[in-house]
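Descriptive structure summary
Each chain, written out:
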Amino acid sequence: MNQTDSQRINAFIARWLNSEGSEEANAKPFLTELCAALGVDAPPPKGTPSSEVYCFEKAIKAYSTKGQSQKKADFYKEGFFLIEAKQGSITSSKGHGKRGTKSYRDAMQGAFNQARQYIQLLDAPTKPPFLITCDIGSHFEIWEGFSGEYGSYGARQRFNLADLAQPEVFDRFVKIFTDPQALNPEKERAKVTREVATKLAELSRWLEAQGHSAEETANFLMRCIFTMFAEDVELLKDKVFTKMLKERWIPQPEIFKPEIEELWRVMNTGGNLFGLGKILQFNGSFFENATAITLPKEQLDILLEAAEKGWENVEPAIFGTLLERALGKKERSRLGAHYTPRSYVERLVRPVVMEPLRQEWDEVELELKRLLEPEPGKEEPTDNQRKKAEQEIRAFLDKLRTIKILDPACGTGNFLYVALDLLKGLEQEVQTRLVDVAGTVQLNVLDQINPSQFLGIEINPRAAAIAELVIWIGYLQWYFKRFGNAEPPEPVLQAFGNIECRDAVLAYDGTEPDVDPKTGQVRTRWGGCKMKHPVTGEEVPDPTDQVVIYKYLNARAAEWPEADYVVSNPPFVGNRDMRELFGDGYTETLRQKYPEVPETVDYVMYWWHKSAVLLEQKMLKCFGLITTNSLRQIRQRKIIEIHQKKKNGTQLFFAIPDHPWDSEGAAVRISMTGGQNINEKILRHCNLGTVVGEEKASTPEDEAERIQVEWKNVGFIFSDLSAGVDISSATPLKAQAKLCCPGVKPYGSGFLVSVDELHYFPERENILIKPYMNGRDLTQISRNTHIVDCYGLSLEEIQINYPTIYQWILDKVYPERMVERDQKIKDKWWIFERPRPDLRAAIDKLNRYIGTVQTSKHRGTSKNTKSDVSS
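Residues numbered from 1 in each chain as written. Predicted model: local features only at pLDDT ≥ 70, side-chain atom pairs only at ≥ 80, totals over all residues. Heavy atoms only, no water.

**As for the overall build of the chain**
Worth spelling out the cut-off: Runs of H or I in DSSP of at least four residues are treated as helices and runs of E of at least two as strands, each being numbered from the N terminus. Here the term buried applies to any residue with accessible area under 20% of the maximum for its type, exposed to any over 50%, and partly exposed to those in between, with areas from a 1.4 Å probe on protein chains only. Working rule for contacts: check all heavy atoms of both residues, and any pair within 4.5 Å makes them a contact. The positive count covers Lys and Arg only, the negative count covers Asp and Glu only, and His and the chain ends enter neither. One atom stands in for each charge, and that atom is NZ of Lys, CZ of Arg, CG of Asp or CD of Glu.
The helix and strand tally for the chain stands at 25 helices and 29 strands. Here the chain holds 871 residues, and 52% of them are scored as buried. Counting only contacts in the chain whose residues sit at least 6 apart along the sequence, the fraction spanning at least 24 positions is 70%. Each charge class in the chain was averaged separately, 113 positive and 123 negative side chains, and the resulting centres sit 5 Å apart.

Below, the structure written as structure tokens:
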């Protein structure tokens, strides 16, 4: 804001301050002169091409039982803002009422409701990020909606007309008119968070190189992190951490370890330190028995760079993910490459948690309107009316403070933080409404939404610790937003024990090696390591690499803590990968303890099943889960069908079948589903979302901004996440019998032969080497691979007539097959597990046939479809 800007805006304020009169007469001149005062372009003349996206009196079509009508929004700029103007008065009830009266307040709230309705009716690709109402000559009320949600009337920010003379307010209005995304907090906070995580990764890399364990490194850096955050929000006064780094620790690195340990000791108990005055008691689990690591000057310089970042602006929704990668050796290379943007998480949390609560709050608002209606002959409600209205609001606040939200695969706490942040936002709106009704009120911080309401289960100890840190950072950010620099109650961090470190689906008292009752030998399986063959030099399975198979003692289905809502992103582990990742013992035990869950489903579906069971037992209000988009496949959706068909079953009220996501740094496609009890008294509308637009961008949050989801209100969402006609329940036509067959299933990568390995086989043996394609080869880029096919031959025939192939399968296939429990796989180890004789006979005399993948989304054939092909 320069001197010219200041002169223009001050002249504008002087001209319009405390104006009265007619809205119709004043609105357009006021808004036109506002553009000039801000130094931004006014709308073009009506009739020009761009006047439809930036104009006064924006025409909006509305529909009702009486037919189509046309509304007009006062001021609109597509992708920027929608402004609805009103005109209050100081001296009379003319226009929209005398300022400060009930009728005036109702008019201003009505302006918000009107503007929000206009936005819903807009025929535009995206909603404007700012909804604004104004009383001409008095003030502006602004709602941010970068996520597409503006909240209720209480979510407003108020700026008096005279506030425009303040440089930061002036600049904010200029950006609303010219570059609203510059005000998007997600983008700025994501930028700061990436910078912070990069510095922590440098330090973590050095600590590991010095031989410090992953646990020691993680605990040390997380204490540093919270200390840096604490000083930036003034929980630690006078920038004590940064000050000590500059003045004492960098000049004298040898005193860093003892002095920071002393700082953390005092933070744990509270007290005085280094003559710096009082230090609050933090307690919790972060600073108990805290130890530090000696750092040289170069690493203390890196710590200082991290400390000088704006920690109060860190985005907890992605901070946990980036911190875990910064601390993890394998994940560090993906540090800034990709992560799940906050808006993706909100896409699940809002419909599952926030929409039902907002619906309840809207009902409270209607009741408030009834309670506050002045008695005949009076302009204002009585004290008794206000008291009753206040009781209604406080009752809703009490309800918000008892809600429990569970993430039974919480990772680093992103879902729990977003739920906390959105709930705190609603709480603030309700508190603002309480002040509107009751005037100045005393709010006890101890009776507000706090971290104890956000429950998590996480099997990774490091991730569980990060989740607790993330939730506390998010909570304290809200505390200081609400209460300024007022000191929070001590201890600042309370050990609620709300994040449990354990398995979320299988509980057990211990493990022991599984012994084969016939042989008395401990059962083992191949561990996956390979070795060079002593003769050929080729990579073959190492038969000495054996992993013990364990028995799980007193195994049982795990129990979850009581909660109202479940939101989660469980592990993406495929059905076929469970044995390799978790072991045979765990996989078999899990399936035994969940006999109602089909063995064909992926690991994530155990979370889906448990959530549905709790819902049907009336122990949950609803749940929302992220799964791989293979959820729609027959083998996965069986579990959904089971619960949909129950008398007291689960109804899908929300689904997005195919949406981009991030899984441990890799871009994947997922499905979102939300379930509620089908016998709920008030069933929500079923909303089915389709991603109709997505573009690549330089950052994840920019990509998220370009995702366009088209929503349809449908009567019922089927198990394959479709609506309309339930195609998934169609009966196969008998006329199609034997027209389709699954492809061969080798069961063993040892059968595969790459193009570079074809020369290994003599030409006369090539008759058993055939081109091979799986589903990915068909749908994406073919590997041009081949396969050894010994179907129809005995082991002796192969050994005599095809000695090279015999040696190949003996080295590469035999070790894999021998560690399997299925005796059939062991007995015929040189033959594919599923050689498909019917398929071979059917295509033997055909010149061509059609190959399609089993996971194809659109195919009008029977359920038995071909996935792998060899010819």
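**So, the packing of helix α2 (residues 23-38) against helix α4 (residues 167-178)**
Applied cut-off: Every axis corresponds to a line fitted to the C-alpha atoms, with the helix fit spanning only the stretch in contact, and the corresponding angles, defined between N-to-C directions, vary from 0 to 180 degrees. Orientation labels follow simple angle bins: below 35 degrees gives roughly parallel, above 145 gives roughly antiparallel, 65 to 115 gives roughly perpendicular, and whatever is left gives oblique. Left-handed describes a crossing whose near helix is turned anticlockwise from the far helix by less than a right angle; the clockwise case is right-handed.
Between α2 and α4, whose axes approach to 10 Å, the crossing angle comes to 110 degrees. When the axis of α2 is compared with that of α4, the two are roughly perpendicular. The two elements α2 and α4 meet at a crossing, and its hand is left-handed. Where α2 approaches α4, its residues Leu 34, Cys 35, Ala 37 and Leu 38 are matched on the opposing element by Phe 170, Phe 173, Val 174 and Phe 177.

**Focus on unusual backbone geometry**
In this model, Glu 490 is joined to Pro 491 through a cis peptide bond whose omega is -5 degrees. For Lys 239, which is not a glycine, the phi torsion comes out positive at approximately 50 degrees.

**Topic: the nonpolar core**
For the record, the criterion: In this description, a nonpolar core means a group of buried Ala, Val, Leu, Ile, Met, Phe, Trp, Tyr and Cys residues linked to one another through side-chain atoms lying within 4.5 Å.
Counting residues in hydrophobic clusters, the biggest one holds 118 residues, and the most contacted among them are Phe 220, Phe 226, Trp 264, Phe 282, Phe 319, Leu 400 and Ile 405. Here the element with the most residues in this core is helix α14 (residues 461-483); it accounts for 13 residues. Ignoring anything within four residues of it in the chain, the contact list for Trp 264 reads Phe 220, Arg 223, Cys 224, Thr 227, Phe 287, Ala 290, Thr 291 and Ala 292. With 41 residues, the next largest nonpolar core counts Val 597, Met 605, Ala 612 and Cys 686 among its residues.

**Some points on the pattern of salt bridges**
Under the convention used in this document: Salt bridge, as applied in this entry: a Lys or Arg side-chain nitrogen positioned within 4 Å of an Asp or Glu carboxyl oxygen.
Evaluation of the coordinates by the stated rule reveals 56 salt bridges. One salt bridge in this structure joins Glu 262 and Arg 265, with 2.7 Å as the shortest N-O distance. With Glu 262 and Arg 265 both in helix α8 (residues 256-269) and three residues apart, this pair spans about one turn of that helix. The salt bridge partner of Arg 669 is Asp 658, with a shortest N-O separation of 3.1 Å. Of this pair, Arg 669 sits in strand β23 (residues 666-677) while Asp 658 sits in strand β22 (residues 650-663); the two residues are eleven residues apart in sequence, bridging distant segments of the chain. Under the relative-accessibility criterion, Arg 669 is labelled partly exposed at 29%. Each of the salt bridges in this network shares a partner with another, and the network as a whole consists of Arg 189, Glu 315, Arg 342, Glu 346, Arg 350 and Asp 421.

**Points about the packing of aromatic side chains**
Heads up, the rule is: Any Phe, Tyr or Trp ring, taking Trp's six-membered ring, that has another such ring centre within 6.5 Å forms a pair; planes under 30 degrees apart are called stacked, those over 60 apart edge-to-face, and the others tilted. Two thresholds decide whether a charge sits over a ring: the Lys NZ or Arg CZ must be within 6 Å of the ring centre and within 35 degrees of the ring normal.
Counted by the stated rule, this structure contains 47 aromatic pairs. Between the aromatic rings of Phe 81 and Phe 177, the centroid separation amounts to 4.6 Å while the plane-to-plane angle is 45 degrees, which identifies the pairing as tilted. One end of the pair, Phe 81, is in strand β3 (residues 81-86); the other, Phe 177, is in helix α4, and 96 residues separate them in sequence. The class of Phe 81 is buried, set by a relative accessible area of 0%. Members of the aromatic cluster, connected to one another through ring pairs, are Phe 220, Phe 226, Phe 229, Phe 241, Trp 249, Phe 256, Trp 264, Phe 282 and Phe 287. For the cation-ring pair, Lys 812 lies above Trp 808, with the distance from its terminal atom to the ring centre recorded as 4.6 Å.

**A word on the environment of Pro 408**
On the secondary structure map, Pro 408 appears in the loop between β9 (405-407) and α13 (414-438). Residue Pro 408 is classed as buried on the basis of its relative accessible area, which comes to 1%. Sequence separation of Pro 408 and Arg 248 is 160 residues, and the distance between their C-alpha atoms is 44 Å. Beyond its immediate chain neighbours, meaning those up to four positions away, Pro 408 contacts Ile 457, Ala 504, Trp 560, Val 566, Val 567, Ser 568 and Trp 607.

**Quick word on the side chain of Lys 610**
Condition: Identification of polar contacts relies on pairs of N or O atoms within 3.5 Å, with a donor-acceptor requirement for protein atoms, meaning one able to donate a hydrogen and the other able to accept it, and with residues adjacent in sequence counted only if both atoms are side-chain atoms.
The topology assignment puts Lys 610 in helix α17 (residues 604-616). One buried charged residue, Lys 610, remains without a salt bridge, the closest side chain of opposite sign being Glu 559 at 8.0 Å. At 2.5 Å, the side chain of Lys 610 and the backbone oxygen of Ala 558 are in polar contact. What Lys 610 contacts, discounting residues up to four positions off in sequence, is Ala 504, Val 505, Ala 557, Ala 558, Trp 560 and Tyr 594.

**Side note on a nonpolar patch on the surface**
Just so we agree on the cut-off: Like-charged residues within 9 Å of one another, or nonpolar side chains (Val, Leu, Ile, Met, Phe, Trp, Tyr) within 5 Å, are grouped into patches, provided each residue has over 30% relative accessible area and no salt bridge. Surface accessibility follows the Shrake-Rupley procedure with a 1.4 Å probe radius. Residue values consider only the protein chains on display as shielding.
On the surface, Val 515, Val 522, Val 548 and Tyr 550 cluster together into a nonpolar patch covering about 290 Å² of accessible area. Secondary-structure assignment places Val 515 in the loop between β13 (510-513) and β14 (524-526).

**Considering the pairing of strand β5 (residues 139-144)**
How we decide: Whether two strands pair comes down to DSSP finding at least two bridges between them.
For β5, the buried fraction is high: five of the six residues fall into the buried class. In this structure, strand β4 (residues 130-135) lies alongside β5, joined through six bridges in antiparallel fashion. Counterpart to Phe 130 in the pairing with β5 is Glu 144. Counting the residues that bridge the hairpin from β4 to β5 gives three residues, and of these Gly 137 lies at a positive phi of roughly 90 degrees.

**A short note on the packing of helix α7 (residues 240-249) against helix α9 (residues 297-307)**
Here is the rule: Amino acids outside the nonpolar list (Ala, Val, Leu, Ile, Met, Phe, Trp, Tyr, Cys, Pro) and the charged list (Asp, Glu, Lys, Arg) are all regarded as polar, and Gly is one of them.
Relative to each other, α7 and α9 sit at 150 degrees, their axes nearing to 10 Å. Between α7 and α9, the crossing angle belongs to the class labelled roughly antiparallel. In this structure, α7 meets α9 at a crossing whose hand is left-handed. Contact residues: α7 offers Phe 241, Thr 242, Leu 245, Lys 246 and Trp 249, while α9 offers Leu 300, Leu 303, Leu 304 and Ala 307. In the contact of α7 with α9, the residues fall into seven nonpolar, one polar and one charged.

**Quick notes on the side chain of Ser 343**
With respect to the secondary-structure elements, Ser 343 resides in helix α11 (residues 342-371). Residue classification places Ser 343 among the buried positions, given a relative accessible area of 19%. Setting aside anything within four residues of it in sequence, one finds Ser 343 in contact with Glu 186 and Ala 704.

**Looking at the environment of Val 314**
Tracing the backbone through its elements, the reader meets Val 314 in the loop between α9 and α10 (316-327). It is 36 Å that separates the C-alpha atoms of Val 314 and Ala 507, two residues lying 193 residues apart in sequence. Ignoring any residue separated from it by four or fewer positions in sequence, one finds Val 314 in contact with Arg 189, Val 192, Thr 193, Val 196, Phe 319 and Gln 477.

**Considering the confidence of the model for the chain**
Note the following rule: pLDDT is a per-residue confidence score from the predictor, ranging from 0 to 100.
Residues with a pLDDT of 70 or more make up 92% of the chain, whose mean pLDDT is 86. Overall, residues 861-871 carries pLDDT values under 50, and its contacts beyond four positions in sequence, including any with other chains, amount to 50 contacts.

**Thoughts on the state of the cysteines**
The cut-off we apply is this: For this text, the term disulfide refers to a pair of cysteine sulfurs within 2.5 Å.
Evaluated as defined, the whole model comprises zero disulfides. Cys 740 carries a free sulfur, and the closest cysteine sulfur to it, the one in Cys 741, is 7.4 Å from it. The class for Cys 740 is partly exposed, based on a relative accessible area of 23%.

**Some remarks on the environment of Gly 851**
Looking at the element boundaries, Gly 851 is found in the loop between α25 (837-843) and β29 (869-870). For the pair Gly 851 and Gly 743, spaced 108 residues apart in sequence, the C-alpha separation works out to 8.7 Å.

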